[in-house]
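Listed below are the residues making up each chain.
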Amino acid sequence: MTAPSPAEAPPRAAATEIIEDVACPFCGLLCDDLEIQRGPSRVTVRKNGCVKAVAGFERPPGDASPRIDGRPATLAEAVQAAARLIGAARLPLFGGLGTDVEGMRAVMALADRAGGVVDHGLSDGQYRNLEVLQTSGWFMSTLTETRNRADLVVIVGSDVNTMHPRFFERIVAAPEPMFLGPGQTRTVVFIGEGLDASAAKGGRIGEVISLPCPAAAVGEVIAAVRARLKGAPLGTDAVAGISLATIDDLAARCKAASYGVMVWAPPSLAYPTADLTVRVVSDLVKDLNLTTRFAGLALGGNEGAVSAAAVATWQSGFPMRVSYASGKPIYDSERYAATRLLAAGETDLLVWIASFTPELVPPPSRAPAIVLATPGMTLAATPRVLIPVGTPGLDHAGRLVRCDNVVSLPLKSLDRSTLPSVADVVASIELAL
Ligand code: SF4
């Protein structure tokens, strides 16, 4: 079924207004320089919005009517129905988790009370990073450090321009880096095939080098660079189609850099050995720090993923995939993965939360579902309870943690609609338990 989208919720704004310095919640970069026009019936992006921002801000707010088993209901009725289902569930799974800090705090409290499991809809990508961080640690940069210091940026197997459309404009090609001298440029290297290099341009961009290779072989290329830096013979003329001379050239560039950064977006590394790619990148960065400054920069954080992991860590001590079934938080990154729990039929209720985009759909499941979603989401099956919710930074104020984990940004309310926040709905469900 398609979540209803007629009868728009009444907008609060009565007159056209220009709002500056708006933070965008539609990817983990959280660009905070957008200019938005708020009219009586819609919000439009006037300046500094990318294609994702325009799609997110200008999406119609849709129907604010909750549903129970597909039939219209009041919000109070839907909250009561959701509370009854959660109260009766043996192991409710709180998934998706596309929400802001306040929403996630409410989810953690409800999961604790209900004895449930929490896991984010994009955490498969996050775990490519977390397992490296947990087992061996890493050197990481921030967006600001990269913009101000990097003279070499290596894009590792990730289509950054699609996932984070303003990354090059705001970070890599920024015109006035604090610590690059006048006229000094930075080199950009793309490793992987099919990566969009078109945004690597501007006065601060020097050489742009593309090293196309199959996505799953990017880790091999990085491992070869690492081996050559150690002086090891490879016994071959090429690795994943990239000549040894080219690999040696990249190794030399890394060694000569004053501040190099390896950039990847975990959801782009979607192949079985992707965690090994992150590990070898991290190991190469460590090696380079023996003689120069080098760091990693993991992007991602779309759909509130970084905020969800941060709040879960504050509240439970663990980044995600936590179960409260025993009355205390138990962490297991394999056992409590949402996709595994659903496939194995080990959860008897899915509570799916997606307040940013209609693309974060619930996975196929035999378990009945409660869905708190931004209107317009196409669902494969009718949920037991559907509650349309507002988007943080659009329908209500909120807060998100940026993809580099070093700052959280406040999100303004643009008063687009009267849709309730995830935090309010989840807190009401907990009260009704
Ligand atoms: S790059 Fe990301 S945060 Fe920046 S405007 Fe686009 S979607 Fe929003």
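From a predicted model like this one, the values you see are computed outputs, not experimental measurements. (Residues numbered from 1 in each chain as written. Predicted model: local features only at pLDDT ≥ 70, side-chain atom pairs only at ≥ 80, totals over all residues. Heavy atoms only, no water.)

Below, the discussion takes up the packing of helix 8 (residues 218-229) against helix 10 (residues 274-288). Interaxial distance between helix 8 and helix 10 falls to 9 Å at its minimum, and their mutual angle equals 25°. Classified by the angle their axes make, helix 8 and helix 10 are roughly parallel. For helix 8 against helix 10, the interelement crossing comes out left-handed. Facing helix 8, whose interface residues are Val 218, Gly 219, Ile 222, Ala 223, Val 225, Arg 226 and Leu 229, helix 10 presents Thr 277, Val 280, Val 281, Asp 283, Leu 284, Asp 287 and Leu 288. Class assignment of the residues belonging to the contact of helix 8 with helix 10 gives a composition of 9 nonpolar, 2 polar and 3 charged. (Axes fitted to C-alpha atoms, helices over the stretch in contact; angles between N-to-C directions. Helix = DSSP H or I, 4+ residues; strand = E, 2+ residues; numbered from the N terminus. Parallel < 35°, antiparallel > 145°, perpendicular 65-115°, else oblique. Left-handed = near helix turned anticlockwise from the far one by under 90°. Contact = heavy atoms within 4.5 Å. Nonpolar A, V, L, I, M, F, W, Y, C, P; charged D, E, K, R; others polar.)

For side chains of opposite charge, pairing can occur when their charged atoms come near one another. A full pass over the atoms with the stated rule returns 21 salt bridges. Between Asp 124 and Arg 321 there is a salt bridge, with the nearest N and O atoms lying 2.7 Å from each other. You can see Asp 124 sitting in helix 4 (residues 123-136) and its partner Arg 321 sitting in the loop between helix 11 (305-316) and strand 15 (322-323), a full 197 residues away along the chain. Among the residues examined, Asp 124 registers a relative accessible area of 42% and is labelled partly exposed. Judged by relative accessible area, Arg 321 falls into the buried class, the value being 5%. A salt bridge links Glu 169 to Arg 166; the nearest nitrogen and oxygen atoms lie 2.8 Å apart. For Glu 169, a relative accessible area of 44% gives the class partly exposed. Relative accessible area serves as the criterion here: at 5%, Arg 166 is assigned to the buried category. Members of the salt-bridge network, linked through shared partners, are Asp 32, Asp 33, Arg 166, Glu 169 and Arg 170. (Salt bridge = Lys/Arg side-chain N within 4 Å of Asp/Glu carboxyl O. Buried < 20%, exposed > 50% of the residue type's maximum accessible area, 1.4 Å probe, protein only.)

Taken together, Cys 24, Phe 26, Cys 27, Leu 29, Leu 30, Cys 31, Cys 50, Lys 52, Ala 53, Pro 165 and Arg 166 make up all the residues around the ligand. Here the shell around the ligand is composed, by residue class, of 9 nonpolar, no polar and 2 charged. (Near = heavy atom within 4 Å.)

For the chain, per-residue confidence averages 94 on the pLDDT scale, and residues scoring 70 or more make up 97% of the total. Between residues 1-11, whose pLDDT stays under 50, and residues either more than four places distant or in other chains, the model counts 36 contacts. (pLDDT = per-residue confidence, 0-100.)

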